[in-house]
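Observations on the three-dimensional arrangement
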Amino acid sequence: MAVRAVRTCESRRPCAEGAWRACLLTTALLLGVASVAGCTAISGATAHGTATAASTAAPAGVVSDCLPAPASCYAPALFRVEYGIQPLLDQGIHGRGETVTVVAVAPSFGATAPIVPPPGATAGPHLGVSAASGIRQDLAAFDGMFRLPAARIQVVTTLAGAGSSWRAAGEEVQDTEIVHTVAPDAALRVVLLPSNVPDSAANATADMLAGLRLAVSGTDVALISFSLGEHYFTKAQVTQLHSVLLGAEAHHVTVIAGSGDNGGFSEADFGGTAVKEVSLPASDPLVLAAGGTTLNGNLSAGFYIGETAWNGQAGLVLSSGASGGGFGHLYARPAYQDGVHGVSTARGVPDVAGEADQSGGWAFVFTGGGKTWIMSASGTSAAASLWGGLVALADQDAHHDLGFVNPAIYRIARGSSYHQAFHDITTGSNIVNTPPVGMGGYQAGPGWDPATGWGSPDAQVLVPLLAA
């Protein structure tokens, strides 16, 4: 969930009209890694068209520093190409008529600027960066830099208090801007949790339940941007959570959650010892659980090269997290996982995956302290936001809400279209070493695995299959 070891990024020189693909390729070759590509809109293109990156170098006052190796970030245009989203947008599938709700923690009052730690450090506590901006200004700056249509957003402050209306922390900004990148015409809705959520496990579990109840009402897709190990929840809370999700299923609301950022462990946010387990709400069988990958975005071979399981301990930026995954102890294996190779008798997590590594993550824009920051997204909540946007596209394409999509995801993945609809992640692992507990996690491999699920989407194939 956390916005970790943030890097900032800048846009490059505008491309010649009509040459956006060549510009993206050239930029990637020059930098050795896909980064922000600065293409202007081609003649006749709309805000949804192929050229959606920033048009000039970073404006005055924008803090940017993500292009130098090894860190980088990707403009919206590149991610739309990498994950096959752009062809859908070109066909007029923008998420129109859909609402995607994000559950996020409100920032602490008094925090006004993002924290940019040195490499290897984490940015704020797991449950939210202690910095604040204004979500409307953030989205407006993001849309302006990357030529997206103006976002429509509603903020629900029932739990956080009216004083939190438009104040936003990095997690909220990151997740809403990713959804807006994928489904630019979908309405955005944010349910803010109180800023004291990170203070105790009791606060976190109770507020998660309350926030989820609000989130699944009056929306088409609901995303929850933090997770907690199964052991934090009482038996009564597990029952209440499942009841909320049953209600969401009955009303055709898709609920998506990140699988967690600690590999084979749950987060030890409250002074305890890490536990080898999966996290709620992702481990509930009624939730689509999204794990994390590291995307290889060098565009020299068809734009998409490959992905590996996200694992910061195995990479250049230590302590940056790893894709949560494993097997739950609260729920037996759901029917849609029956017969899946690698799944035990318990619920296996995650179901799917997407980019979650801040060293090469989605670019998002954060305003605060009188400056505008272009930062690199991270965590499995970024992957969940990708999938939230994709479900909004599929809902529009189907002309109705798909709701509980897990059975359809598994039918597609087990069918003949698997390798067209998904990128199967077969390398890397979410194995981490967490003293004093030791090693925990799983290797990625062909098909489903407890590090990346079925893998990441090729949306131009997957979304029509889901809609059908």
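These numbers were taken from a predicted model, which means no experiment stands behind them.

With respect to the overall build of the protein chain
Tallying secondary structure elements over the protein chain gives 11 helices and 22 strands in all. Split into buried and exposed, the 468 residues of the protein chain put 63% on the buried side. Taking the contacts inside the protein chain whose residues are at least 6 apart along the sequence as the reference set, 79% of them involve residues at least 24 apart.

Notes on unusual backbone geometry
Here the bond from Leu 280 into Pro 281 is cis, since omega is 5°, no more than 30 degrees from zero. The linkage connecting Pro 435 with the following residue, Pro 436, adopts the cis geometry, with an omega of -5°. Mapped onto the fold, Pro 436 is located in the loop between strand 20 (432–434) and strand 21 (438–440). In this structure, His 252 is a non-glycine residue whose phi angle is positive, near 60°. As for its position among the elements, His 252 is in the loop between helix 7 (235–250) and strand 10 (254–258). Taking the relative accessible area as the measure of exposure, His 252 reaches 46% and is therefore partly exposed.

Describing the pattern of salt bridges
Per the stated rule, a full pass over the model turns up 3 salt bridges. The shortest N-O distance in the salt bridge between Asp 185 and Arg 96 comes to 3.6 Å. With a gap of 89 residues between them, Asp 185 in the loop between helix 5 (170–182) and strand 7 (187–193) and Arg 96 in the loop between helix 3 (86–90) and strand 3 (99–105) connect regions that are remote in the sequence. For Arg 96, a relative accessible area of 46% gives the class partly exposed.

Let's talk about the packing of helix 4 (residues 135–146) against helix 5
The geometry of a pair of packed helices is captured by two quantities: the angle between their axes and the separation between those axes. Between helix 4 and helix 5, the least distance of the axes is 11 Å, while the angle of their chain directions is 40°. Taken together, the axes of helix 4 and helix 5 lie oblique to each other. Here helix 4 and helix 5 pass one another in a crossing that is right-handed. Contacts between helix 4 and helix 5 involve Ile 135, Asp 138, Leu 139, Phe 142 and Asp 143 on the former and, on the latter, Glu 172, Val 173, Thr 176, Glu 177, His 180 and Thr 181. Residue classes in the contact of helix 4 with helix 5 are distributed as 4 nonpolar, 3 polar and 4 charged.

Let's talk about the packing of aromatic side chains
To describe a pair of aromatic rings, one takes the distance between the centres and the angle between the planes. Throughout the structure, instances matching the rule amount to 12 aromatic pairs. A ring pair is formed by Tyr 336 and Tyr 410, whose centres lie 4.9 Å apart and whose planes are at 50°; its orientation type is tilted. With Tyr 336 in the loop between strand 14 (326–332) and strand 15 (346–349) and Tyr 410 in helix 9 (residues 406–413), the pair connects residues that are 74 residues apart, well separated along the chain. Classification of Tyr 336 by relative accessible area gives buried; the value is 10%. When its relative accessible area of 1% is taken as the criterion, Tyr 410 is described as buried. Relative to Phe 422, the ring of Tyr 418 has its centre 5.7 Å away and its plane inclined at 45°; by these criteria the two rings are tilted. Each member of the pair Tyr 418 and Phe 422 is classed as buried. Within the aromatic cluster, the residues linked to one another by ring pairs are Tyr 336, Trp 387, Phe 404, Tyr 410, Tyr 418, Phe 422 and Trp 454.

Details of the nonpolar core
Grouped together as the largest cluster of nonpolar side chains are 82 residues, with contacts concentrated most on Trp 387, Ile 409 and Phe 422. The greatest single-element share of this core, amounting to 11 residues, is contributed by helix 8 (residues 380–398). Residues in contact with Trp 387, not counting those within four places in the same chain, are Ile 256, Leu 288, Ala 290, Val 352, Ala 353, Gly 354, Ile 409, Phe 422, Gly 455, Ser 456, Pro 457 and Leu 462.

Some thoughts on the side chain of Ser 259
Within the fold, Ser 259 resides in the loop between strand 10 and strand 11 (279–280). Looking at Ser 259, its side chain comes within polar contact range of the main-chain oxygen of Gly 324, at 2.7 Å. If near-sequence neighbours (up to four positions away) are discounted, Ser 259 is found in contact with Ser 227, Ser 279, Ala 282, Ala 290, Gly 291, Ser 323, Gly 324, Val 349, Pro 350 and Thr 380.

What about the side chain of Ser 283?
Inspection of the secondary structure assignment puts Ser 283 in the loop between strand 11 and strand 12 (288–296). Relative accessible area serves as the criterion here: at 1%, Ser 283 is assigned to the buried category. Those residues in contact with Ser 283, other than ones at most four positions away along the chain, are Glu 230, Val 278, Tyr 331, Arg 347 and Val 349.

With respect to the confidence of the model for the protein chain
Keep in mind that low pLDDT regions are not for reading the predicted coordinates in detail. Considering every residue of the protein chain, the mean pLDDT works out to 80; 77% of them sit at 70 or more. Within the model, the stretch residues 113–130 combines pLDDT values under 50 with 51 contacts to residues more than four positions away or in other chains. Across residues 315–319, confidence stays below pLDDT 50; counting only partners more than four residues off in sequence or on other chains, it has 12 contacts.

Looking at helix 5
With 13 residues, helix 5 ought to run about 18 Å at 1.5 Å a step, and its terminal C-alpha atoms sit 19 Å apart, in line with that. Of all the 13 residues making up helix 5, 13 are buried; the element is thus mostly covered by neighbouring parts of the structure.

Observations concerning the pairing of strand 3
Burial runs high along strand 3: 7 of the 7 residues are buried. Of the two faces of strand 3, the one carrying Thr 99, Thr 101, Val 103 and Val 105 and the one carrying Val 100, Val 102 and Ala 104 are both buried. Bridging between strand 3 and strand 7 involves 7 bridges; their strand directions are parallel. Paired with Thr 99 across the two strands is Ala 187, which belongs to strand 7. As paired strands, strand 3 and strand 8 (residues 221–224) are joined by 4 bridges and run parallel to one another. The residue bridging Val 100 from the neighbouring strand is Val 221, located in strand 8.

Digging into the environment of Glu 177
Among the secondary structure elements, Glu 177 is positioned in helix 5. Classification of Glu 177 by relative accessible area gives buried; the value is 0%. Considered as a pair, Glu 177 and Phe 364 are 187 residues apart in the sequence and their alpha carbons are 6.4 Å apart. With residues near it in sequence (within four places) discarded, Glu 177 still touches Asp 138, Leu 139, Phe 142, Phe 364 and Val 365. Here the side chain of Glu 177 touches Val 365 through a polar contact of 2.6 Å, landing on its backbone nitrogen.

Analysis parameters
- Residues numbered from 1 in each chain as written.
- Predicted model: local features only at pLDDT ≥ 70, side-chain atom pairs only at ≥ 80, totals over all residues.
- Heavy atoms only, no water.
- Helix = DSSP H or I, 4+ residues; strand = E, 2+ residues; numbered from the N terminus.
- Buried < 20%, exposed > 50% of the residue type's maximum accessible area, 1.4 Å probe, protein only.
- Contact = heavy atoms within 4.5 Å.
- Salt bridge = Lys/Arg side-chain N within 4 Å of Asp/Glu carboxyl O.
- Axes fitted to C-alpha atoms, helices over the stretch in contact; angles between N-to-C directions.
- Parallel < 35°, antiparallel > 145°, perpendicular 65-115°, else oblique.
- Left-handed = near helix turned anticlockwise from the far one by under 90°.
- Nonpolar A, V, L, I, M, F, W, Y, C, P; charged D, E, K, R; others polar.
- Phe/Tyr/Trp six-rings, centres within 6.5 Å; stacked < 30°, edge-to-face > 60°.
- Core = buried A, V, L, I, M, F, W, Y, C linked by side-chain atoms within 4.5 Å.
- Polar contact = N/O pair within 3.5 Å; in protein donor to acceptor, adjacent residues only side chain to side chain.
- pLDDT = per-residue confidence, 0-100.
- Expected span 1.5 Å × (residues − 1).
- Pairing = 2+ DSSP bridges.

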